[in-house]
Amino acid sequence: MLIPSRNPGFNHPHSSDITPRAAYEDRRQMLKLLAGGAAGAALASWAGREAMAQQAGAARPGKLAVLAGAKSGVAGAATMEKLTDYKDASTYNNFYEFGTDKADPARNAHTLKTTPWTVEIEGLVKKPGKYGIDDLLKLSAQEERIYRLRCVEGWSMVIPWVGYSLAELIKRVEPQGSAKYVEFVTLADKATMPYVGSRVLDWPYVEGLRLDEAMHPLTLLAFGMYGEVLPNQNGAPVRLVVPWKYGFKSAKSIVKIRFVEKEPGTAWNKAAKQEYGFYSNVNPEVDHPRWSQATERRIGEDGLFAKKRKTLMFNGYEAQVGQLYAGMDLKKFY
Ligand code: MTE
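Anyway, here's the lowdown on the structure attached to this text. Keep in mind that this is a model prediction, so the values were computed, not measured. (Residues numbered from 1 in each chain as written. Predicted model: local features only at pLDDT ≥ 70, side-chain atom pairs only at ≥ 80, totals over all residues. Heavy atoms only, no water.)

## Topic: the overall build of the protein
When you go through the protein residue by residue, the secondary structure sums to eleven helices and twelve strands. For the protein, the residues scored as buried account for 53% of the 334 residues in total. Put simply, of all contacts in the protein between residues at least 6 apart along the chain, 72% involve residues at least 24 apart. In the form shown here, the protein has an accessible surface area of approximately 14,900 Å², with 53% of it arising from carbon and sulfur atoms. (Helix = DSSP H or I, 4+ residues; strand = E, 2+ residues; numbered from the N terminus. Buried < 20%, exposed > 50% of the residue type's maximum accessible area, 1.4 Å probe, protein only. Contact = heavy atoms within 4.5 Å. Areas by Shrake-Rupley, 256 points an atom, 1.4 Å probe, with all protein chains shown as cover.)

## Structural notes on the pattern of salt bridges
Scanning all chains against the criterion turns up 18 salt bridges. The partner of Arg145 in a salt bridge is Glu143, and the shortest N-O contact between them spans 2.9 Å. Since its relative accessible area comes to 5%, Arg145 is described here as buried. The partner of Glu183 in a salt bridge is Arg258, with the nearest N and O atoms 3.3 Å apart. (Salt bridge = Lys/Arg side-chain N within 4 Å of Asp/Glu carboxyl O.)

## Regarding the nonpolar core
Counting residues in hydrophobic clusters, the biggest one holds 78 residues, and the most contacted among them are Trp161, Leu169, Ile257 and Phe259. Excluding anything up to four places from it in sequence, Phe259 contacts Ile121, Glu122, Gly123, Leu124, Val125, Ile170, Val173, Pro175, Ala179, Tyr181, Val182 and Leu211. (Core = buried A, V, L, I, M, F, W, Y, C linked by side-chain atoms within 4.5 Å.)

## Considering unusual backbone geometry
Here Thr115 and Pro116 are connected by a cis peptide whose omega angle stands at -10°. As for its position among the elements, Pro116 is in the loop between α6 (104–108) and β1 (118–123). The amide bond that connects Ala236 to the next residue, Pro237, takes the cis arrangement and shows omega of -5°. Within the element layout of this structure, Pro237 appears in the loop between β8 (228–229) and β9 (239–241). The backbone phi angle of Glu174 is positive, close to 55°, even though this residue is not glycine. The residue Glu174 is located in the loop between α8 (166–173) and β5 (181–186) in this model.

## Details of the site of the ligand
In the neighbourhood of the ligand, 15 residues make up the surrounding shell, with Asn93, Tyr96, Glu97, Arg239 and Lys252 lying closest. Contact distances for the ligand include 2.8 Å between an oxygen atom and a side-chain N or O atom of Asn93. Burial of the ligand by the protein chains amounts to 99% of its free accessible area of 540 Å². The class makeup of the residues in the shell around the ligand is six nonpolar, six polar and three charged. (Near = heavy atom within 4 Å. Polar contact = N/O pair within 3.5 Å; in protein donor to acceptor, adjacent residues only side chain to side chain. Nonpolar A, V, L, I, M, F, W, Y, C, P; charged D, E, K, R; others polar.)

## Some thoughts on the sheet that holds strand β10 (residues 254–260)
Here five strands make up an open sheet; going across it, the order is β2-β1-β10-β5-β6 and the pairing mixed. Every other strand in the sheet has two partners, leaving β2 (129–132) and β6 (206–210) as the edge strands with one partner each. Geometrically, the sheet is characterised by an average inter-axis angle of 20° between neighbouring strands, direction not taken into account. For β5 and β10, the ladder comprises six bridges, and the chain directions are antiparallel. Looking across to β10, one finds that Glu183 is bridged to Arg258. Packed on one face of the sheet, α8 meets β1, β2, β5 and β10 and runs near 60° to β10. (Pairing = 2+ DSSP bridges. Axes fitted to C-alpha atoms, helices over the stretch in contact; angles between N-to-C directions.)

## Remarks on the pairing of β2
Relative to β2, β1 runs antiparallel, the two sharing four bridges. Bridge assignment links Glu120 to a residue of β2, and that residue is Lys130. Here β1 folds back onto β2 in antiparallel fashion, the turn holding five residues.

## Here we look at the side chain of Thr311
Along the chain, Thr311 turns up in the loop between β12 (309–310) and α11 (318–321). Assessed through its relative accessible area of 6%, Thr311 is described here as buried. Here Arg150 takes part through its side chain, which lies 3.0 Å from a polar atom of the side chain of Thr311. Every residue in contact with Thr311, bar those within four places of it in the chain, is listed here: Arg150, Val282, Pro284, Gln293, Ala294, Thr295 and Glu296.

Taken by themselves, the reported measurements are silent on function.
This is the structure we're talking about:
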């Protein structure tokens, strides 16, 4: 089913391949800023988040200071596809710890306490340890990347994320030879997350990737979106974005990254094995048992005459990631 890549010498994409070159060139200046210098101080201080949030006033968590004043935080960003409005991206969410309705996370996630925050690296690595969020932020240069995110439910968004490739962190902690998978464990705190304890899912929400998927440069460890720190409902203070997989693989509010030998059980796979497999690659040719995955509705484009879009193989990232699945039966490994 998978069309083998014509380019056996596949190279990992650069950020210039992830977004159109023109947009990338335009943003270079900004990315440089994000990478350090003047921005360094602002980015480095996660504690400054609360202060920024207060300055911003209401629901928006505050700009990553470097971008304060830049128009919508995505100066010069141009993409072939229109960006989803910030409002839609931050009010139409799945974050079951805060409720199962799309509006629940925006309504309820203000109770999530994101400072202090630690991410623990454990399992089959030579350098396990605990990273405070400031250390994680400083670990590599932040980039803005515009990614499509396609939910298994049949809707999609186009979001400018801010973060860096998870591979940067993985290289730093040096996985042992026996590490084959990476497990992402997210916060499950009954005191601040009203639905933890409900029986909708087996908490904590856990996700997993094969090590090579986790190492792929498209896999993003994200701290922000639209040039601002992540709103709580989008997975503050740190989440994953795996753009060629259904949205549920993008674990929010991560507290542990564990390197393991065996394929880990994941939240949705445990909840409904026949419906949600481990791989969960966006694939228009493999239907969900209860609905087709061939088309999608772009959030913000709904209206009487809005046409559904065709869902693209690997969500449009086939050239970059197809090779990871060469020879695999994607109907079996859904
Ligand atoms: N992470 C946690 N911890 N809990 C969740 O319920 N939902 C997933 C994923 N990550 C979820 C999660 C699902 S189903 C989707 S579609 C995406 O987050 C939604 O991300 P967004 O709200 O930023 O669009």
